[in-house]
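Descriptive analysis of the structure
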Amino acid sequence: MTSPKDRILVALDYNNADDALRTARAVGPHVGGVKVGLELINAAGFDIFARLLDAGAPRIFYDAKFHDIPNTVAGAVRAATKRGVWMVNVHASGGAAMLRAARDAAETAAGGGPRPLLIAVTVLTSIDDATLNGDLRVPGTAAEQVVHLARLAQQSGMDGVVASPLEVAAIRDACGPEFVTVIPGVRPSGVAKGDQARVATPADAVRAGAHYLVVGRAITAAPDPAAAAAAVAAEVKAAAHP
Ligand code: C5P
């Protein structure tokens, strides 16, 4: 069973390496990993992974959101695996062949050792029903499409999906309790929502069945990020073992 602290992943949404490294040093002992997204990787370069691990980040979630033809995604996942990332994501809408290629590539590159957890993005939370139906010409609701793509991801060898706190229960029903859910939009009670419209507290997310919580500003913008991370871990622990 994953310990409460290991379920917390801190989003390092910075435009430079120094800020990311400083936060990694502070929160490293209190969390399960850090999330490196497109802003930081483009600003700081790929050696940021090794530098974060050296600074005390326990594990790296590379929020790459790969979406390309199977051969290209396979190559990218192979390269990320060799860089030692612990978790990486791809878009489920790339289709079953792309997802299977990602899984095969991670296994091959890991050479029998531990491979990264492969997580699929279903429907971006910035896409509402009108955008889905109108711009993308996908019928049905975004919630239905999320569950459809979560099933496809599971059948195609993914370990889990990124989901909003409101979708966790439906995904759990469709894919079972072992299928990993990675949940952003988490705010401890009393912390400003910022630009997140749909938020859950760590306790809500854990009770709904979330495996990993992605927490950004509630930790990184706190006066004492280490204390903020420890407080989230305590809230997760209380919710997991009431
Ligand atoms: O600062 P905050 O906790 O809102 O950061 C959340 C992190 O999760 C950011 O890196 C954001 O890009 C990411 N994310 C999100 N909502 C999604 C998917 C990812 O906030 N639906």
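What comes next concerns the included structure. (Residues numbered from 1 in each chain as written. Predicted model: local features only at pLDDT ≥ 70, side-chain atom pairs only at ≥ 80, totals over all residues. Heavy atoms only, no water.)

**Some remarks on the site of the ligand**
Under the convention used in this document: Near residues are defined by distance, with any heavy atom within 4 Å of the molecule or strand qualifying the residue. Residues adjacent in sequence count toward polar contacts only when both atoms are side-chain atoms; beyond that, a polar contact is any pair of N or O atoms within 3.5 Å, and within protein one must be able to donate a hydrogen and the other to accept it. Classification convention: Asp, Glu, Lys, Arg as charged; Ala, Val, Leu, Ile, Met, Phe, Trp, Tyr, Cys, Pro as nonpolar; all other residues, Gly among them, as polar.
Taken together, Ala11, Asp13, Lys35, Thr125, Pro184, Arg187, Gln196, Val214, Val215, Gly216 and Arg217 make up the full set of residues adjacent to the ligand. Between Asp13 and the ligand, the recorded distance is 2.7 Å, taken from a side-chain N or O atom to an oxygen atom. Contact distances for the ligand include 2.9 Å between an oxygen atom and a side-chain N or O atom of Lys35. For the shell around the ligand, the class distribution of residues is four nonpolar, three polar and four charged.

**Here's the deal with helix 1 (residues 17–27)**
Threshold: Burial here depends on accessible area, computed with a 1.4 Å probe over protein chains only, as a share of the maximum for the residue type. Under 20% is buried, over 50% is exposed, and the range in between is partly exposed. Working definition: helices are DSSP H or I runs of at least four residues, strands are E runs of at least two. Numbering for both runs from the N terminus. As used here, the arc is the angular range of directions from the helix axis to the C-beta atoms. Residue contacts are defined here by distance: any two heavy atoms, one from each residue, within 4.5 Å place the two residues in contact.
What helix 1 keeps buried is the set Ala17, Ala20, Leu21, Thr23, Ala24 and Val27. Projection of helix 1 onto a plane perpendicular to its axis shows the buried side chains occupying an angular sector of 165°, all on one side. Facing away from the buried side of helix 1 by more than 90 degrees, the exposed set consists of Asp18 and Arg25. Residues of helix 1 that are buried in the fold lie against strand 1 (8–11), helix 2 (38–44), helix 3 (48–55), helix 10 (217–220) and helix 11 (225–240). The residue sitting at the N-terminus of helix 1 and contributing the capping side-chain oxygen is Asn16; that oxygen lies 3.1 Å from the backbone nitrogen of Asp18.

**A few points about the pairing of strand 2 (residues 33–36)**
Here is the rule we go by: Only strands joined by at least two bridges in the DSSP assignment are considered to pair. A right-handed crossover is one whose linking path, passing over the helix from the first strand to the second, runs clockwise when the strands point away from the viewer.
Where burial is concerned, the two faces of strand 2 agree: the one with Gly33 and Lys35 and the one with Val34 and Val36 are both buried. Sheet topology note: the strand 1/strand 2 ladder contains three bridges and is parallel. Paired with Ala11 across the strands is Lys35, a residue of strand 2. Handedness of the crossover joining strand 1 and strand 2 through helix 1 is recorded here as right-handed. One ladder, built from three bridges, connects strand 2 with strand 3 (residues 60–66); its direction is parallel. Counted as the bridge partner of Lys35 is Phe61 from strand 3.

**Observations regarding the packing of helix 7 (residues 142–155) against helix 8 (residues 168–175)**
The relative placement of two packed helices comes down to the angle between their axes together with the axis-to-axis distance. Worth spelling out the cut-off: Between the N-to-C directions of two axes lies an angle of 0 to 180 degrees, each axis being a line fitted to C-alpha atoms and, for a helix, fitted only over the stretch in contact. Orientation categories follow fixed angle ranges, with anything under 35 degrees roughly parallel, anything over 145 roughly antiparallel, 65 to 115 roughly perpendicular, and all other angles oblique. Left-handed describes a crossing whose near helix is turned anticlockwise from the far helix through less than a right angle; right-handed describes the clockwise counterpart.
Interaxial distance between helix 7 and helix 8 falls to 10 Å at its minimum, and their mutual angle equals 45°. With respect to each other, helix 7 and helix 8 are oriented oblique. Where helix 7 crosses over helix 8, the two elements pack in a sense that is right-handed. Judged by residue contacts, Val146, Val147, Ala150, Arg151 and Gln154 of helix 7 engage Ala170, Ile171, Ala174 and Cys175 from helix 8. Broken down by class, the residue content of the contact of helix 7 with helix 8 amounts to seven nonpolar, one polar and one charged.

**Regarding the pairing of strand 8 (residues 212–215)**
Residues of strand 8 alternate between two faces, with Tyr212 and Val214 on one and Leu213 and Val215 on the opposite face, all of them buried. Pairing geometry for strand 1 and strand 8, over three bridges, is parallel. Bridge assignment links Leu9 to a residue of strand 8, and that residue is Val214. Across two bridges, strand 7 (residues 180–183) lies against strand 8 in parallel orientation. What sits directly across from Val182, in strand 8, is Tyr212.

**Describing the packing of aromatic side chains**
Cut-off, in case you're wondering: Here is the rule: rings of Phe, Tyr and Trp (six-membered ring for Trp) pair when centre to centre is within 6.5 Å. Planes less than 30 degrees apart are stacked, more than 60 are edge-to-face, and the remainder are tilted.
Tallied over the full model, the rule gives five aromatic pairs. When the centroid spacing of 6.3 Å and the interplanar angle of 90° are considered together, the rings of Phe46 and Tyr62 count as edge-to-face. One end of the pair, Phe46, is in the loop between helix 2 and helix 3; the other, Tyr62, is in strand 3, and 16 residues separate them in sequence. Here Phe46 falls in the partly exposed class, since its relative accessible area comes to 37%. Among the residues examined, Tyr62 registers a relative accessible area of 6% and is labelled buried. Measuring from ring centre to ring centre gives 5.3 Å for Trp86 and Tyr212, while their planes differ by 80°; the resulting arrangement is edge-to-face. Note that Trp86 is positioned in the loop between helix 4 (70–82) and strand 4 (87–91) and Tyr212 in strand 8, a separation of 126 residues in sequence. Overall, the relative accessible area of 16% leaves Trp86 in the buried class. On the basis of relative accessibility, which here comes to 8%, the residue Tyr212 falls in the buried class.

Scope: geometric values only; no functional claims are made or implied.
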